[in-house]
Amino acid sequence: MYEAIVCKIKTREHPNADKLQLGLVAGFQVVVGLETENDELGVFFPTDGILSDEFCKANDLYSRFDESNNRLNSGFFTEGEARVRSQNFRGEKSYGYWCPLSSFDFIKNFDTSVLVDGYTFSSLGGVEICKKHYSKATLKAISGNNKNVKRANSMFLEHVDTKQFRYRYKEVKPGSLVTITSKMHGTSGRIARVLDEVPAKRNLVDKILRRTRTETKWNTLLGSRRVVLKDYDEDSLGFYGSNEFRYQTVKSFKDYLNKGETIYYEIVGWATEDTPIMAHDTSSLKVIRKEYGDRMVYSYGCAQGMAAIYVYRITQTNEDGVSIELSWNQIKARCNELGINYTPEMCDPFVAKDSDSLKELVDRLTSGKDITDPSHIREGVVVRVDSDTGTMFLKNKSFDFGVLEGYIKDDENYVDLEEIS
């Protein structure tokens, strides 16, 4: 889900522009105009969203020009698709769009008192304000996933939502155990041994009456982030034309799962001999292209044609769908037992002292070359927080990765695998 957040902005001088200033909102840097005041309460829209046409027109956010192509306003969004992107303004990074609360005065009979610090929304007073951006190809792929869906199983749960670290870092309580791991750019996978309803062996009467029966037994289910594959041994078609790589990467340990155990992981490397699981065209991005070439494959050290998995979560789930989280140390021990990888740690686990020092550390670890393979950039990090109230997963993507994502999503043929898998 894509949402805007109400928050205060901390402003400071832009080093390279007299008519712009920098702001810090919800942990993100944005570039704003001089009319923005320090500590002003407003609304932040993160990247990867679209502002509604009604909101943009009410606030004159579309670029307007006269017949001589002279700019008539300060709007910089494109009419028809007002995408929020990571951009550079005079050498400074902007991770989204910020606007004052007065931008919502156009909504009739709307009580703006609900817009308090920390409030999130996608619509206000019955008016759509923003939504997540999907390419046409992604929407088509999402609808096509129904062909591969097996009925739901209460013991085979999807991974919990991973929230934005910059939105939630202040919720990390002092004394919480924090583990920071690499966020790997691949495709999601999960496998579990669960009680499942399967076809029973037909007897003579069944055959005569042409009926089928089912029985409940322990069975291994394989899936992606949202999709459960119909049959474990079926080479059913997916985005890559085959799911064979999904089967191959779990082949060594699938028969050794404990009853009720679910393993969540990222598959990286190559789906086929010639098809990488994830890659970015960098030919139009001068700085990144100079460092990494025209095409950056997120190989994570895998030889061409090979794939690997990296585990980030393991749970034990009972018949009622109640799950118990394994600790990070238990995950590492279990992965060592099964002979599989766990996501690389960016630093040793530690006890959180305060949210500001945590944010400083996470920001420092988020960007740069990938720690397992310097041939591509780091997508970002995942912050696991274990406290007396449970386990929380927070993600923090690097600026360079955000720029690449924003650029490639301009192509309507692009399929967002994070959304369809």
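The present account deals with the structure reproduced in this document.

So, how was this worked out
Residues numbered from 1 in each chain as written. Predicted model: local features only at pLDDT ≥ 70, side-chain atom pairs only at ≥ 80, totals over all residues. Heavy atoms only, no water. 1 Å grid on protein atoms, 1.4 Å probe; cavity = no way out; pocket = protein on both sides within 12 Å on 5 of 7 lines; lining within 4 Å. Points joined across faces, edges and corners; volume = space filled by probe spheres on them. Helix = DSSP H or I, 4+ residues; strand = E, 2+ residues; numbered from the N terminus. Nonpolar A, V, L, I, M, F, W, Y, C, P; charged D, E, K, R; others polar. Core = buried A, V, L, I, M, F, W, Y, C linked by side-chain atoms within 4.5 Å. Buried < 20%, exposed > 50% of the residue type's maximum accessible area, 1.4 Å probe, protein only. Contact = heavy atoms within 4.5 Å. Pairing = 2+ DSSP bridges. Axes fitted to C-alpha atoms, helices over the stretch in contact; angles between N-to-C directions. Salt bridge = Lys/Arg side-chain N within 4 Å of Asp/Glu carboxyl O.

**Concerning the layout of surface pockets**
Here is step 1 of the chain: Looking at the second largest pocket, its volume works out to about 700 Å³.
Here is step 2 of the chain: Counting residues per element, the ones that place at least two in the lining of the second largest pocket are β3 (28-33), β6 (82-84), β7 (87-89) and β9 (96-100).
Here is step 3 of the chain: Top contributing element to the lining of the second largest pocket by residue count: β9, with five residues.
Here is step 4 of the chain: Across the lining of the second largest pocket, the residue classes break down as 13 nonpolar, nine polar and six charged.

**Quick look at the nonpolar core**
Considering soluble globular proteins, one finds that nonpolar side chains tend to be buried as a cluster.
Here is step 1 of the chain: Among the nonpolar cores identified, the biggest contains 55 residues, and Phe44, Phe253, Ile263, Tyr265 and Val311 are the most heavily contacted of them.
Here is step 2 of the chain: The element best represented in this core is strand β21 (residues 307-317), accounting for five residues.
Here is step 3 of the chain: Residues in contact with Tyr265, not counting those within four places in the same chain, are Thr187, Ser188, Gly189, Arg190, Ile191, Leu222, Val250, Ile309, Tyr310, Val311 and Tyr312.
Here is step 4 of the chain: Counting residues in each nonpolar core, the second largest holds 24 residues, with Tyr2, Val6, Leu115 and Ile129 among its members.

**What to know about the sheet that holds strand β24 (residues 350-351)**
Here is step 1 of the chain: Pairing in this open sheet of five strands is mixed, and the strands run β14-β26-β25-β15-β24 from one edge to the other. Of all strands in the sheet, those with a lone pairing partner are β14 (163-164) and β24, marking the two edges.
Here is step 2 of the chain: Pairing of strand β25 (residues 380-387) with strand β26 (residues 390-397), which is carried by eight bridges, proceeds in the antiparallel orientation. Paired with Gly380 across the strands is Lys397, a residue of β26.
Here is step 3 of the chain: Helix α8 (residues 355-366) rests against β15 (177-183), β24, β25 and β26 of the sheet, and its axis sits at about 150 degrees to β25.

**Some words on the pattern of salt bridges**
Here is step 1 of the chain: Counting across every chain of the model gives 18 salt bridges.
Here is step 2 of the chain: For the salt bridge of Asp39 with Lys10, the shortest nitrogen-to-oxygen distance reads 2.5 Å. Note that Asp39 is positioned in the loop between β3 and β4 (40-46) and Lys10 in strand β1 (residues 4-13), a separation of 29 residues in sequence.
Here is step 3 of the chain: Overall, Asp39 belongs to the partly exposed group, its relative accessible area being 35%.
Here is step 4 of the chain: For Glu261, the salt bridge identified is with Arg334, shortest N-O distance 2.7 Å. On the criterion of sequence distance, the pair formed by Glu261 in strand β18 (residues 261-269) and Arg334 in helix α7 (residues 328-338) is long-range, its members being 73 residues apart.
Here is step 5 of the chain: Residue classification places Glu261 among the buried residues on the basis of a relative accessible area of 2%.
Here is step 6 of the chain: Relative accessible area serves as the criterion here: at 10%, Arg334 is assigned to the buried category.
Here is step 7 of the chain: Here the salt bridges share partners, and the residues they tie into one network are Arg166, Lys359 and Asp363.

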